[in-house]
Amino acid sequence: MSCPELNVALGDTATEISQTAIARGKVANTSVPNWLLGGERVKTVVANRETAKIERLQQQQQAIVTARKRQCASTQ
């Protein structure tokens, strides 16, 4: 990938991390009614899934940063 493409990929990944973190926060702060059996468990599962997605995106972001440092060192 070229330096501009790496920059775009880095920005896209950062945006997706932010959106996922916002979604995770909304899920974590959701008030589940007591009559909804298993509601808290579902809430926890969804929040954990979002956390795992954020961790994967952060790994992708780190790989992009490493590639950018290697390929675009002259422009920094």
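Residues numbered from 1 in each chain as written. Predicted model: local features only at pLDDT ≥ 70, side-chain atom pairs only at ≥ 80, totals over all residues. Heavy atoms only, no water.

A few words now on the pattern of salt bridges. For the structure on display, the rule yields 2 salt bridges. Residue Lys53 pairs with Glu16 through a salt bridge whose shortest N-O separation is 3.8 Å. With Lys53 in helix α2 (residues 39-71) and Glu16 in helix α1 (residues 3-28), this pair connects stretches of sequence that are 37 residues apart. The exposure class of Lys53 is partly exposed, given its relative accessible area of 30%. One salt bridge in this structure joins Lys43 and Glu40, with 3.7 Å as the shortest N-O distance. Of the two residues, Lys43 and Glu40 both sit in helix α2, 3 residues apart, roughly one turn of that helix. (Salt bridge = Lys/Arg side-chain N within 4 Å of Asp/Glu carboxyl O. Helix = DSSP H or I, 4+ residues; strand = E, 2+ residues; numbered from the N terminus. Buried < 20%, exposed > 50% of the residue type's maximum accessible area, 1.4 Å probe, protein only.)

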